[in-house]
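What the coordinates show
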Amino acid sequence: MWTFLISISALILGFIVYGKFVERFFGADDSRKTPAYAKSDGVDFSPMPTWKVFTIEFLNIAGLGPIFGAILGAMYGPMAYVWIVLGCIFMGAVHDYFSGMLSIRNGGASIPEIVGKYLGPGFKNFLRLFSLLLLIFVGVAFVSGPAGLLAKLSNGGLSIWLYVIFAYYLIATLLPINKIIGRIYPFFGATLIIMALAIGGAMLFGSFTGTVQMPELSASSFANFHHHPTENILFPMLFIVISCGALSGFHSTQAPMMARTIKKESHGRYVFYGAMIAEGIVAIIWATAAMSFFGGAEGLNSTMQVAGHDPAWVVNEISVAWLGTIGALFAVIGVIACPITTGDTAFRSARLTIADVFNYDQSSIKKRLIISIPLFAIGFILSQLEFATIWKYLGLSNQILAVIVLWTGAMYLTKVKKPHWILSLPATFMTIVCVAYVFVAPNKNGGLALESNLGLQIGLGAGVLSLWLFLYRIYKIRGRNEVLVE
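Overview of the structure. Every value quoted in this text rests on a predicted model; they were computed, and no experiment measured them.

Here is what the cut-offs are and how they apply
- Residues numbered from 1 in each chain as written.
- Predicted model: local features only at pLDDT ≥ 70, side-chain atom pairs only at ≥ 80, totals over all residues.
- Heavy atoms only, no water.
- Helix = DSSP H or I, 4+ residues; strand = E, 2+ residues; numbered from the N terminus.
- Rg over C-alpha atoms; globule rule 2.2 N^0.38 Å.
- Contact = heavy atoms within 4.5 Å.
- Areas by Shrake-Rupley, 256 points an atom, 1.4 Å probe, with all protein chains shown as cover.
- Lys, Arg positive; Asp, Glu negative; His and termini not counted.
- Charge placed at Lys NZ, Arg CZ, Asp CG, Glu CD.
- Expected span 1.5 Å × (residues − 1).
- Bend = angle between axes of the 7 residues up to and from the residue.
- Buried < 20%, exposed > 50% of the residue type's maximum accessible area, 1.4 Å probe, protein only.
- Salt bridge = Lys/Arg side-chain N within 4 Å of Asp/Glu carboxyl O.
- Core = buried A, V, L, I, M, F, W, Y, C linked by side-chain atoms within 4.5 Å.
- Polar contact = N/O pair within 3.5 Å; in protein donor to acceptor, adjacent residues only side chain to side chain.
- Axes fitted to C-alpha atoms, helices over the stretch in contact; angles between N-to-C directions.
- Parallel < 35°, antiparallel > 145°, perpendicular 65-115°, else oblique.
- Nonpolar A, V, L, I, M, F, W, Y, C, P; charged D, E, K, R; others polar.
- Left-handed = near helix turned anticlockwise from the far one by under 90°.

Counting its secondary structure elements, the protein chain contains 18 helices and zero strands. Scaling as 2.2 N^0.38, a compact globule of 486 residues should have a C-alpha radius of gyration of about 23 Å, and the protein chain matches this with 21 Å. Across its three principal axes, the protein chain shows a C-alpha extent of roughly 60 × 50 × 40 Å. For the protein chain, long-range pairs separated by at least 24 residues make up 83% of all intrachain contacts whose partners lie at least 6 apart in sequence. Element-wise, carbon and sulfur atoms account for 68% of the exposed surface of the protein chain, whose accessible area totals about 18,900 Å². Averaged over its 31 positive side-chain charges, the protein chain has a centre that lies 11 Å from the centre of its 22 negative ones.

Shown next as structure tokens:
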């Protein structure tokens, strides 16, 4: 219980202390006019109340990520606490904050345009394609799961539910952001938070009454509890499995959408840094619940690996057992509604990314259709693939994007003559993680399955090299006396 309470407290203190430090370090300035007012069009650029922007941002970046990812991460044992807490405060929330604030400072630009400005046209062109593919895959992944579950519950055809969800996606993507997303999604975001708090409360009550034994982080728990530890190496695979709740590149694709609705720069800490901290709290709750409910990480592994159950089944079992009928309702909302809301905002972000690439005005519905129809046609074709085939590439792609965005933020700080270490050190660490994952992960997870020590050495070398190249580029920039004038 104490590990759980300390972890939650650390995340809250992280928002209050480190979040405020990051805000001051960046230099949030309420005298600047935000894109919501400077480019107001009533469609994508539209000022909204901060509480709405926060709940929409939270729902966009969360969905099932901090639930499913945390459950899969809990299979590695209590070490998941370390990554979620430290990763969320010092990496994920900082990544999200800079993604959103740099978009605000650049007129609400999409992440590829921001990366191009600070890292150069080569990175911009690469990221235009890379982020677009990631967004489409996220959208497809979050339509396939709910459609499959709805087909089982209704004894209907999978194709019918795919058509229904894609039709909704198209409508939500085309309409102004304050019509559906701005009105309905704050309630879904609140539901996701209430669901996590209810699970957390039930778990604490059970701990006090002795019916629930919560895991503790101790010297003996600094180990890999995974059922297949040789295939699922603690480092780097835990850092890929738990992305939402610790660090996720996908969040940088969602931040510009909210950057176009924020009224003041000072609201950025609550919307971007705060939403990530909230997601970390949700991840801590569900990682703890998964281990506690099944009697520890070993019991969770038996349920997942031996019995063959998936995270959706785990969510349903825990919710019904601890919250009864209300829990079953929350489980349905969580497993069906939340991924759908994340999926449609992924497609919306894809539309905005394409529009930014071609500088194509989106004020009329006809122009939005010209981009959206081909986009959804591609998405529907990809939805015919196996869910596992789509999902296994998302984790690594997600963190590769996070690495690029972290290096982008570090370069921005260099060009405005500020210390870059709060971003360049996390960028170096995650470069090591991603490269090592490519070499040590099993083939079925998209890796090369090399010997672990060799893969880790290659990852470490890649991280050191990336930092050296970054520092060398800084040296060249300072030699030319380049300064960014905002």
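The next point concerns helix α1 (residues 2-26). Between the first and last C-alpha of α1 there are 34 Å, a value that for 25 residues agrees with the 36 Å anticipated at 1.5 Å per step. The axis of α1 is deflected most strongly, by about 35°, at Gly14. Gly27, located one to two residues past α1, shows a positive phi value of around 95°.

Let us look at unusual backbone geometry. Cis rather than trans, the peptide bond between Phe235 and Pro236 has omega equal to 20°. With respect to the element layout, Pro236 can be found in helix α10 (residues 234-241). Even without a glycine there, the phi angle at Lys417 is positive, about 60°. Within the secondary structure, Lys417 sits in the loop between α16 (387-415) and α17 (421-440). Although it is not a glycine, Ala449 adopts a positive phi angle of roughly 60°. Here Ala449 shows up in the loop between α17 and α18 (452-480). You can call Ala449 partly exposed: its relative accessible area is 40%.

Take the environment of Phe25 next. Position of Phe25 among the secondary structure elements: in helix α1. Exposure remark for Phe25: the relative accessible area of 16% places this residue in the buried category. In the structure, Phe25 is positioned 397 residues away from Ile422 in sequence and 9.9 Å away in space, judged by C-alpha atoms. Setting aside its immediate chain neighbours within four residues, Phe25 contacts Leu413, Lys418, Pro419 and Ile422.

In a structure, side chains of opposite charge can pair up when their charged atoms sit close to one another. Counted according to the given criterion, the structure contains eight salt bridges. The shortest N-O distance in the salt bridge between Lys20 and Glu23 comes to 3.1 Å. Placement of both Lys20 and Glu23 in helix α1 is noted, with a separation of three residues, approximately one turn of the helix. Under the relative-accessibility criterion, Glu23 is labelled buried at 7%. Among the ionic contacts, a cluster of salt bridges with common partners joins Lys20, Glu23 and Arg269.

Residues Phe98, Phe272, Tyr273 and Trp286 are the most contacted members of the largest nonpolar core, which totals 154 residues. Considering every element that reaches this core, the biggest residue donor is helix α12 (residues 268-293), with 17 residues. Ignoring sequence-local partners within four residues, the contact set of Trp286 consists of Pro66, Ile67, Ala70, Ile71, Met195, Ala196, Ile199, Val315, Ile318 and Ser319.

Compared with an ideal rise of 1.5 Å per residue, which puts 26 residues at 38 Å, α12 spans 37 Å between its outermost C-alpha atoms and is within 8% of the ideal. The sharpest bend along α12 reaches about 35° and sits at Gly274. Across the 26 residues that make up α12, a large majority, 24, are buried. Note on α12: the residue one or two positions beyond its end, Gly295, has a positive phi of about 80°.

Mapped onto the elements, His267 comes out in the loop between α11 (250-259) and α12. Side-chain polar atoms of His267 contact the side chain of Thr50, separated by 2.9 Å. Not counting residues within four places of it along the chain, the set of residues in contact with His267 comprises Thr50 and Ile262.

Contact pair helix α4 (residues 65-74) / helix α14 (residues 311-358): the axes reach a minimum separation of 9 Å and the direction vectors enclose 100°. By the criterion of interaxial angle, the relationship of α4 to α14 is roughly perpendicular. In this structure, α4 uses Ile67, Phe68, Ile71 and Leu72 to contact α14, whose residues at the interface are Pro311, Ala312, Val314 and Val315. Considered class by class, the residues forming the contact of α4 with α14 number eight nonpolar, no polar and no charged.

Along the chain, Arg260 turns up in the loop between α11 and α12. Relative accessible area serves as the criterion here: at 4%, Arg260 is assigned to the buried category. There is a polar contact of 2.7 Å between the side chain of Arg260 and the backbone oxygen of Gly108. When sequence neighbours within four positions are dropped, the list of residues in contact with Arg260 reads Ala36, Asp44, Phe45, Ser46, Gly108, Ala109, Ser110, Leu352 and Asp356.

It is worth spelling out the packing of α1 against α12 at this point. Geometrically, a packed helix pair is captured by the angle between its two axes and the distance between the axes. Across the interface, α1 lies against α12 with an axial gap of 10 Å and an inter-helix angle of 165°. Taken together, α1 and α12 sit at an angle that is classed as roughly antiparallel. In terms of crossing hand, the pair formed by α1 and α12 is right-handed. Broken down by class, the residue content of the contact of α1 with α12 amounts to 14 nonpolar, six polar and three charged.

Any functional reading would require information beyond the geometric quantities listed.
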